Amino acid sequence: MSIWARRQILKSAALLGGAGALLRGTKASAQDHSHMDMGSMTMAPKPAPAKPAPMATRMKAAAPVTPPRPPRLVPGTDRPATITLNSGTLNGGTLPFVMKDGVKEFHLTAHEFEQEFAPGFKVKVWGYNGSTPGPTIEAVEGDRVRILVTNRLPEATSIHWHGILLPSGMDGVAGLSAPPIPPGETWAYEFTLRQHGTQMYHPHYDEMVQMAVGMMGMFVIHPKDAAIGPVDRDYTMMLHAWAIHPGTSRPDPAVMLEHDTWTINGRVFPAVEHLVVKTGERVRLRIGNVSMHEHPMHIHGHHMWVTGTDGGMIPEGARWPETTIQVPVGTTRTVEFVADNPGDWAFHCHKGHHAMNTMGHDIPNFLGVDQRDVARDMAKQLPGYMPMGEGGMGDMGAMAGMMPGPANTPPMMTGTGPYGALDMGGMVTVIKVRDEVAADYRDPGWYKAPKGTMAWKVG
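One structure accompanies this document, and this report is about it. (Residues numbered from 1 in each chain as written. Predicted model: local features only at pLDDT ≥ 70, side-chain atom pairs only at ≥ 80, totals over all residues. Heavy atoms only, no water.)

Quick notes on the overall build of the protein chain
Counting its regular elements, the protein chain contains six helices and 24 strands. Split into buried and exposed, the 459 residues of the protein chain put 50% on the buried side. Restricting to contacts in the protein chain with at least 6 residues of sequence separation, those with at least 24 account for 74%. As presented, the protein chain carries roughly 19,900 Å² of accessible surface, and 59% of it is formed by carbon and sulfur atoms. (Helix = DSSP H or I, 4+ residues; strand = E, 2+ residues; numbered from the N terminus. Buried < 20%, exposed > 50% of the residue type's maximum accessible area, 1.4 Å probe, protein only. Contact = heavy atoms within 4.5 Å. Areas by Shrake-Rupley, 256 points an atom, 1.4 Å probe, with all protein chains shown as cover.)

Digging into the sheet that holds strand 10 (residues 217-222)
The mixed open sheet is built from four strands, whose spatial order is 5-10-9-7. Both outer strands of the open sheet, strand 5 (137-140) and strand 7 (160-162), are each paired with one neighbouring strand and no more. Each neighbouring strand pair of the sheet contributes to a mean axis angle of 25 degrees, computed without reference to strand direction. Here strand 5 pairs with strand 10 via four bridges, running parallel. In the strand pairing of strand 10, E138 is matched with V220. (Pairing = 2+ DSSP bridges. Axes fitted to C-alpha atoms, helices over the stretch in contact; angles between N-to-C directions.)

Description of the packing of aromatic side chains
For the structure shown, the criterion picks out eight aromatic pairs. Centroid distance Y128 to Y201: 5.4 Å. Interplanar angle 65 degrees. Geometry classified as edge-to-face. With Y128 in strand 4 (residues 121-128) and Y201 in strand 9 (residues 197-202), the pair connects residues that are 73 residues apart, well separated along the chain. Here Y128 and Y201 have matching classes, each one buried. Measuring from centroid to centroid gives 5.9 Å for W161 and Y201, while their planes differ by 45 degrees, and the two rings are tilted. (Phe/Tyr/Trp six-rings, centres within 6.5 Å; stacked < 30°, edge-to-face > 60°.)

Description of the layout of surface pockets
Any space left empty among the atoms is revealed by the rolling of a water-sized probe across them. Taken as a whole, the second largest pocket spans an internal volume of roughly 520 Å³. As for the second largest pocket, its lining consists of 24 residues, and the residues nearest its centre are D344, W345, A346, P418 and Y419. Mapped by element, the contributors of at least two residues to the lining of the second largest pocket are strand 21 (343-349), strand 23 (420-424) and strand 24 (428-434). Class assignment of the residues belonging to the lining of the second largest pocket gives a composition of 16 nonpolar, seven polar and one charged. (1 Å grid on protein atoms, 1.4 Å probe; cavity = no way out; pocket = protein on both sides within 12 Å on 5 of 7 lines; lining within 4 Å. Points joined across faces, edges and corners; volume = space filled by probe spheres on them. Nonpolar A, V, L, I, M, F, W, Y, C, P; charged D, E, K, R; others polar.)

Details of the environment of P182
Here P182 is to be found in the loop between strand 7 and strand 8 (186-192). Taking the C-alpha atoms as reference, P182 lies 6.8 Å from T157; in sequence the two are 25 residues apart. Excluding residues that lie within four positions of it along the chain, P182 makes contacts with N151, A156 and W187.

A look at the side chain of T261
Tracing the chain through its elements places T261 in strand 12 (residues 261-264). A polar contact is formed between the side chain of T261 and the side chain of D260, at a distance of 3.0 Å. Apart from the residues within four sequence positions on either side, T261 is in contact with F117, F121, H240, A241, W242, I244, V268 and T358. (Polar contact = N/O pair within 3.5 Å; in protein donor to acceptor, adjacent residues only side chain to side chain.)

A look at the sheet that holds strand 21
Spatially, 13-24-21-15-19 is the arrangement adopted by the five strands of the open sheet, whose pairing is mixed. Only two strands of the sheet have a single partner each, and these edge strands are strand 13 (275-278) and strand 19 (324-327). Averaged over all pairs of adjacent strands, the angle between their axes in this sheet comes to 20 degrees, without regard to strand direction. Across four bridges, strand 13 lies against strand 24 in parallel orientation. Bridge pairing links L275 to I431 in strand 24.

What to know about the side chain of Q115
Mapped onto the fold, Q115 is located in strand 3 (residues 103-118). Look at Q115 and you get buried, because its relative accessible area is 6%. Residue contacts for Q115: discarding those within four places in its chain leaves F121, K122, V123, V125, G130, S131, T132, G266 and R267.

Overview of the pairing of strand 15 (residues 295-299)
With respect to burial, strand 15 is a largely interior element, five of its five residues being buried. Side-chain alternation along strand 15 places H295, M297 and I299 on one buried face and P296 and H298 on a second face that is also buried. Pairing between strand 15 and strand 19: four bridges, direction antiparallel. Paired with P296 across the strands is Q326, a residue of strand 19. As paired elements, strand 15 and strand 21 share three bridges and run antiparallel to each other. The partner of M297 across the bridge, within strand 21, is C349.

Focus on empty space enclosed by the protein
Considering all chains together, one arrives at one cavity of 30 Å³ or more under this definition. What the largest cavity holds in volume is close to 140 Å³. Around the largest cavity, the lining comprises 18 residues; the ones closest to its centre are G197, T198, R284, R286 and M313. Only strand 9, strand 10, strand 14 (282-289), strand 16 (304-309), strand 17 (312-313) and strand 20 (331-338) provide two or more residues apiece to the lining of the largest cavity. By residue number, the principal contributor to the lining of the largest cavity is strand 16, which donates three residues. Each residue belonging to the lining of the largest cavity can be placed in one class, and the counts come to four nonpolar, 10 polar and four charged.

What to know about a nonpolar patch on the surface
Together, M208, M256, L257 and M292 line one region of the surface with nonpolar side chains, adding up to about 380 Å² of accessible area. On the secondary structure map, M208 appears in helix 4 (residues 207-212). (Patch = residues over 30% accessible without salt bridge, like charges linked within 9 Å, V, L, I, M, F, W, Y side chains within 5 Å. Salt bridge = Lys/Arg side-chain N within 4 Å of Asp/Glu carboxyl O.)

With respect to the environment of R333
Inspection of the secondary structure puts R333 in strand 20. Exposure remark for R333: the relative accessible area of 16% places this residue in the buried category. Distance in space between the C-alpha atoms of R333 and M313 is 9.8 Å, their sequence separation being 20 residues. Those residues in contact with R333 that sit more than four places away from it in its chain are L285, R286, I287, G308, T309, D310, I325, Q326, V327 and P328.

Here it is in structure tokens:
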């Protein structure tokens, strides 16, 4: 039996694993949980492993996820440059370039590496220049750009410049536009940017595998006319779905829809960087999606206007307000809002299972099930058996640190706010709006609600 088939069976049986043990007359503690530990939610705990420390504990001990993001301009303009969340660099994750005979020359290297989606949660990915998504390419309408692509992968690749108007031979569809780039070679794509807007780049060779393991990036083209669409803060985020089976570290590209890990710029909550903005500022969010799922991204505390797609900017008279913007597969959506409501506001995918981490999928439904009788019987075989789930799973976040899952697997729900567990994961971040911010927009900490503006207990 394959590991995957065994895991699927365990998924169905894990929460009833103790009952299965009773039927077989065996101790459930003797079962193999090496690939699936959902039983830890309802079964007696296994003998406590000596190492490693629970994932949630390590996450709590992690450094703040939001570094300073001082204002920065697009070179040669007075427009604010875009900020790529979780880029790990103060320049916002933008790919540097050199000028050669009037051409902006960029260089991407495709290769395999390890990236931490959250502290302690390491994933073997393919990407560009040590990052998935790759660094954001940022240029100005009218620029002539040359992008060198070096292939350090074990197979050929190509890059498609998604949504960019260019000559057919530069479109990056291997076998149609041009030959693929063999391993070890460097090829050049060169074209003039005839548009402005939010575009993407990704392979068009073995894309099922190469995009499933992380190869993608954003391509932001600023308008030549500085008067078009000015904003104060400009953020870029790429959404993605992964199949990283519990206890493993390499994404499974054979999974088409049953993904279990949901990232914003290659991080899961609570490791996703927060957005710090000043009250009254106009904020732009550029959101890209080349995953296998659409993502309805929802903002709290504000209304946002849809101002652009990967087909270009939407005329002002045709824009519409939303609190949830659908980001379909293979598109970008650009939204803007005025940060006129101080506080800490969630920004997240509104598909519930996209706002949690691994292990929350395809599990038995115990909601409303009285487990007291079976719990008594189970406890005879499994001392310490703890039934859960009949009243919901809201306590999973608070208990994450008490019940370690398989190695290299984040808790299903985790994160801690100023008032306790957040019970979230995956595709979630926080927008922090403050009347006063530091000059470098460093993380201001949690919001302190003014007296009389927070919900209170009445009974």
